[in-house]
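# Structural description and commentary
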Amino acid sequence: KAGVTQTPRYLIKTRGQQVTLSCSPISGHRSVSWYQQTPGQGLQFLFEYFSETQRNKGNFPGRFSGRQFSNSRSEMNVSTLELGDSALYLCASSLGRTGDSYEQYFGPGTRLTVT
Amino acid sequence: AQSVTQLDSHVSVSEGTPVLLRCNYSSSYSPSLFWYVQHPNKGLQLLLKYTSAATLVKGINGFEAEFKKSETSFHLTKPSAHMSDAAEYFCVVSRSGGYNKLIFGAGTRLAVHP
């Protein structure tokens, strides 16, 4: 099976712009989660989507949003970019069924640089 | 609430010697615990997971971890380090029952010297 893919791999944006990142999960996986990784804050949970619905949400401002499509692909959007949004954004997919803890499989990430 | 503390930010070992990466957790719920590894410029790879079955968990590449509820610990070990083990390791906790919000520790950078 193909792994989790993320596009683009690298992005450079200017403060105030917005950006959209894309994630394609492993075939058959219905849950997609997003994480932000920075040297200062480490890895932080942004949100999780399951069957096109946001199921969990982390402590990020409303500038960070996401959505999931019927084929389980997910996008996350960051509006009004700030310098502090520079980070590696990781997407993870899992089967997502409740009743057990299914491991999450991570993509290679999108490196966002805000100037 | 849940949290994870990785007790060492850097660990350095010689090739062929044992590896010990320490992790303590805190959880209001019955936890699921994981160890992930991240090689430079790569994504995260799952090494092993604990989900309330056997307390000694074996993972990939010779790694294993033991869940000790009384000590709230989940330390990662490997009998003999290899140069390719040099990477950053993350201890992770989530609420068991299929909740997909992972809480990561700060990470431990493992250096392996010849």
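Now for a description of the structure that goes with this document. Just so it is clear, the structure is predicted and the values come from calculations on it, not from any experiment.

### A short note on the overall build of chain A
When you go through chain A residue by residue, the secondary structure sums to zero helices and eleven strands. When the helices and strands of chain A are listed from N to C terminus, the series reads β-β-β-β-β-β-β-β-β-β-β. Computed over the C-alpha atoms, the radius of gyration of chain A is 13 Å, within 12% of the 13 Å expected from 2.2 N^0.38 for a compact globule of 115 residues. With the C-alpha coordinates of chain A rotated into their principal frame, the extents come out at 40 × 25 × 25 Å. The buried share among the 115 residues of chain A stands at 50%. Here chain A has roughly 5400 Å² of accessible surface; of this, 48% comes from carbon and sulfur atoms. The averaged location of the 7 negative side-chain charges in chain A is 5 Å from the averaged location of its 12 positive side-chain charges.

### What about the sheet that holds strand 1 (residues 5-7) of chain A?
All names here are of chain A. The strand order across the open sheet built from four strands is 1-3-8-7, with neighbouring strands paired in antiparallel fashion. With one partner strand each, in any of the chains shown, strand 1 and strand 7 (64-68) form the two edges of the open sheet. Direction aside, the axes of adjacent strands within the sheet are offset by 20° on average. Where strand 7 meets strand 8 (residues 74-78), five bridges bridge the pair, whose relative direction is antiparallel.

### Looking at the pairing of strand 5 (residues 31-38) of chain B
Residues and elements named next belong to chain B. Most of strand 5 sits inside the fold, with eight of its eight residues counted as buried. Alternating residues of strand 5 divide into Pro31, Leu33, Trp35 and Val37 and Ser32, Phe34, Tyr36 and Gln38, and every residue in both groups is buried. Inspection of the sheet shows strand 5 paired to strand 10 (residues 87-95) by eight bridges, in the antiparallel sense. Bridge pairing in strand 10 links tyrosine 36 to phenylalanine 90. Between strand 5 and strand 6 (residues 44-50), which pair antiparallel in sequence order, lie five residues; one of them, asparagine 41, sits at a positive phi of approximately 60°.

### Some thoughts on the layout of surface pockets
Empty pockets left among the atoms are what a rolling probe the size of a water molecule brings to light. In this structure, the largest pocket spans a volume of roughly 460 Å³. Considering the residues around the largest pocket, the lining is formed by 21 residues, among which A:Gln37, A:Leu88, A:Arg111, B:Gln38 and B:Glu88 are closest to the centre. Where the lining of the largest pocket is concerned, the elements lending two or more residues are strand 4 (31-38) of chain A together with strand 10 of chain B. Class assignment for the residues of the lining of the largest pocket results in eight nonpolar, eight polar and five charged. The volume enclosed by the second largest pocket comes to roughly 210 Å³. Along its surface, the second largest pocket is lined by A:Leu43, A:Gln44, A:Phe45, A:Gly58, A:Asn59, A:Phe60, B:Lys101, B:Leu102, B:Ile103 and B:Phe104. Those elements giving two or more residues to the lining of the second largest pocket turn out to be strand 5 (42-50) of chain A together with strand 11 (103-104) of chain B. Top element by residues in the lining of the second largest pocket is strand 5 of chain A. It accounts for three residues. Residues of the lining of the second largest pocket, tallied by class, amount to six nonpolar, three polar and one charged.

### Description of the nonpolar core
Residues and elements named next belong to chain B. Core analysis: the largest hydrophobic core is formed by 26 residues, its most contacted members being Trp35, Leu48, Phe74, Leu76 and Tyr89. The dominant element in this core, judged by the number of residues it contributes, is strand 10, at four residues. Residues in contact with leucine 76, not counting those within four places in the same chain, are Val19, Leu20, Leu21, Trp35, Leu47, Leu48, Phe63, Glu64, Ala65 and Tyr89.

### Points about the state of the cysteines
Scanning all chains against the criterion turns up two disulfides over all chains. Across a sulfur-sulfur distance of 1.7 Å, A:Cys23 and A:Cys91 are joined as a disulfide pair. An S-S torsion of about -50° defines the bridge between A:Cys23 and A:Cys91 as left-handed. Of the two residues, A:Cys23 is situated in strand 3 (residues 19-24) and A:Cys91 in strand 9 (residues 87-94); the sequence distance between them amounts to 68 residues. Residue A:Cys23 is classed as buried on the basis of its relative accessible area of 0%. Of the residues examined, A:Cys91 reaches a relative accessible area of 0% and is grouped as buried. Each sulfur in the disulfide pair B:Cys23 and B:Cys91 lies 2.0 Å from the other. The disulfide joining B:Cys23 to B:Cys91 has a torsion of about -65° about its S-S bond and is therefore left-handed. Within this pair, whereas B:Cys23 is found in strand 4 (residues 23-27), its partner B:Cys91 is found in strand 10, the two being separated by 68 residues in sequence. B:Cys91 sits in the buried class, given a relative accessible area of 0%.

Rules of the game
Here the residue numbers are simple positions, counted from 1 along each chain's written sequence. Written order determines the labels here, with chains lettered from A and ligands numbered from 1. Only residues with pLDDT of at least 70 get local features here, since the model is predicted, and only at 80 or more are side-chain atom pairs given and counted; chain-wide, interface and lining totals rely on the full set of residues. Excluding hydrogens and water, the side-chain figures rest on all heavy atoms present in the structure. Each helix is a run of DSSP H or I of at least 4 residues and each strand a run of E of at least 2, with the numbering of both proceeding from the N terminus. Note on method: radius of gyration uses C-alpha positions; expected globular size equals 2.2 Å times residues raised to 0.38. Any residue under 20% of the maximum accessible area for its type is buried, any over 50% is exposed, and the rest in between are partly exposed; the area is computed with a 1.4 Å probe on protein chains only. To measure how exposed things are, a 1.4 Å probe is used in the Shrake-Rupley method; for residues, cover is taken only from the protein chains shown. We score Asp and Glu as negative and Lys and Arg as positive, and we do not count His or the chain ends. To locate a charge, take NZ of a lysine, CZ of an arginine, CG of an aspartate or CD of a glutamate. Here, a strand pair is defined by DSSP locating no fewer than two bridges between the strands. The angle between two axes is taken between their N-to-C directions and runs from 0 to 180 degrees, where each axis is a line fitted to C-alpha atoms and a helix contributes only its stretch in contact. Note on definitions: the grid is 1 Å and covers protein atoms alone; a cavity is a set of points where a 1.4 Å probe fits but cannot get out; a pocket is an open set with protein on both sides within 12 Å along at least five of seven lines; lining residues have an atom within 4 Å of a point. Grid points are joined across faces, edges and corners, and a volume is the space filled by probe spheres set on the points. Amino acids outside the nonpolar list (Ala, Val, Leu, Ile, Met, Phe, Trp, Tyr, Cys, Pro) and the charged list (Asp, Glu, Lys, Arg) are all regarded as polar, and Gly is one of them. To form a nonpolar core, buried Ala, Val, Leu, Ile, Met, Phe, Trp, Tyr and Cys residues must be joined to one another through side-chain atoms within 4.5 Å. The contact rule is simple, with two residues in contact once any of their heavy atoms fall within 4.5 Å. Here, the term disulfide refers to a pair of cysteine sulfur atoms separated by no more than 2.5 Å.

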